[in-house]
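Structural description and commentary
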Amino acid sequence: MSEALLDVRDLRAGYRRSVVLQGVDLAVREGEVVALLGRNGVGKTTLVHSIMGLVRPSSGSIRFDGQELSGRTPDQIARRGLALVPQGRRIFSRLSVEENLKLAHRSRNGGHDLDSVYELLPRLHERRRHRGRQLSGGEQQMLAIGRALLANARLVLFDEPSEGLAPKAVDQIASVIAGLREQKLSALLVEQNLHVALKLADAVNVMTKGEIVYRATVDEFRSDPKAARAFLGVGQV
Ligand SMILES: Nc1ncnc2c1ncn2[C@@H]1O[C@H](COP(=O)(O)OP(=O)(O)OP(=O)(O)O)[C@@H](O)[C@H]1O
Ligand SMILES: [Mg+2]
């Protein structure tokens, strides 16, 4: 089997007072969407921040397209082709939609530009002169996704894109991500909404305290509801 696009091995990382990741192994292959599930506080954001260089790992490796990312700066990592759609969206609230998008743009031959992102996310075009803070939660999430697309990354890390959104907005965001998947976007999708995760992903990884304790394809996961119950504390899948 060919080497994964993203290959995280035995990753340990944390903060001054606490070790959070205690040896994480995780892989995303080209064109694959991998869901990362887990309860609050287990370390999902710490993992995506470590991949992006925002948290410095204490040991282990993060290889992307065969090259080591660990120890590099967030800017170097973004230039290698990774983008983050951060938890809580974190767009520039005082800037317009269009300014937010333009700031994120890294051009690449055959990649996205402002027009193609507007075509994909027409709501952003309608709202292009509005400031970030004037947008609904769902629109802010679309803007965060639009920014990641304009970064023209080869792999996008989505950190809980459905969190805090109304059901209708969750559906809209899920169909945007489903559309990107059709176009063979590679992604790591952190999700607490199991329904969304299973709809969008090819494979599932479940994290408990700082470790991946279960991994399966979505089909295997669906046919093994005990695993879902044991690891996630949910009754139905
Ligand atoms: N900047 C920080 N400094 C110190 N501790 C942190 C920091 N960020 C997170 N933590 C701690 O690290 C642990 C893992 O947090 P993390 O945000 O990675 O979890 P998570 O799985 O993303 O949770 P959630 O589902 O709530 O987003 C938690 O105990 C949290 O309190
Ligand atoms: Mg988090």
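The structure this text deals with has already been given above.
Scope of this entry: the structure provided in the associated data block. (Residues numbered from 1 in each chain as written. Chains lettered and ligands numbered in written order. Predicted model: local features only at pLDDT ≥ 70, side-chain atom pairs only at ≥ 80, totals over all residues. Heavy atoms only, no water.)

1. What to know about the pairing of strand β6 (residues 82-85)
- Neither face of β6 is exposed, since L82 and L84 on one face and A83 and V85 on the opposite face are all buried.
- As paired elements, β6 and strand β7 (residues 155-159) share four bridges and run parallel to each other. The residue bridging A83 from the neighbouring strand is V156, located in β7. (Buried < 20%, exposed > 50% of the residue type's maximum accessible area, 1.4 Å probe, protein only. Helix = DSSP H or I, 4+ residues; strand = E, 2+ residues; numbered from the N terminus. Pairing = 2+ DSSP bridges.)

2. Description of the sheet that holds strand β2 (residues 18-28)
- One open sheet holds the four strands; their spatial order is β2-β1-β4-β5, and the pairing between them is antiparallel. Edge positions in the open sheet fall to β2 and β5 (67-68), since each of these has one partner strand only.
- Looking at chain direction, strand β1 (residues 6-15) and strand β4 (residues 59-64) are connected through five bridges and run antiparallel. Bridge assignment links D7 to a residue of β4, and that residue is R63.
- Taken strand by strand, helix α1 (residues 44-52) contacts β1, β2 and β4, and its axis lies near 110 degrees from that of β1. (Contact = heavy atoms within 4.5 Å. Axes fitted to C-alpha atoms, helices over the stretch in contact; angles between N-to-C directions.)

3. Examining helix α3 (residues 97-104)
- V97, E98, N100, L101 and A104 are the residues of α3 that are buried. Along α3, the residues classed as buried sweep out an arc of 160 degrees about the axis, all on the same side. Turned more than 90 degrees away from the buried face of α3, the exposed residues are K102 and L103.
- As for α3, its buried residues are in contact with α4 (114-120), α5 (122-126) and α6 (137-150). (Arc of directions from axis to C-beta.)

4. Considerations on the nonpolar core
- Core analysis: the largest hydrophobic core is formed by 49 residues, its most contacted members being L101, L124, I145, F158 and F221.
- Ignoring any residue separated from it by four or fewer positions in sequence, one finds L101 in contact with L114, V117, Y118, L124, L143, G146, R147 and L150.
- Core analysis: the next-biggest nonpolar cluster, separate from the first, contains 31 residues, L5, V8, F64 and L82 among them. (Core = buried A, V, L, I, M, F, W, Y, C linked by side-chain atoms within 4.5 Å.)

5. Regarding the packing of α3 against α6
- Where α3 meets α6, the closest approach of the two axes is 8 Å, and the angle between their N-to-C directions is 30 degrees. With respect to α6, the element α3 is oriented roughly parallel. Crossing of α3 over α6 shows right-handed handedness. Across the interface between the two elements, V97, N100, L101, L103 and A104 from α3 touch L143, G146, R147 and L150 from α6. (Parallel < 35°, antiparallel > 145°, perpendicular 65-115°, else oblique. Left-handed = near helix turned anticlockwise from the far one by under 90°.)

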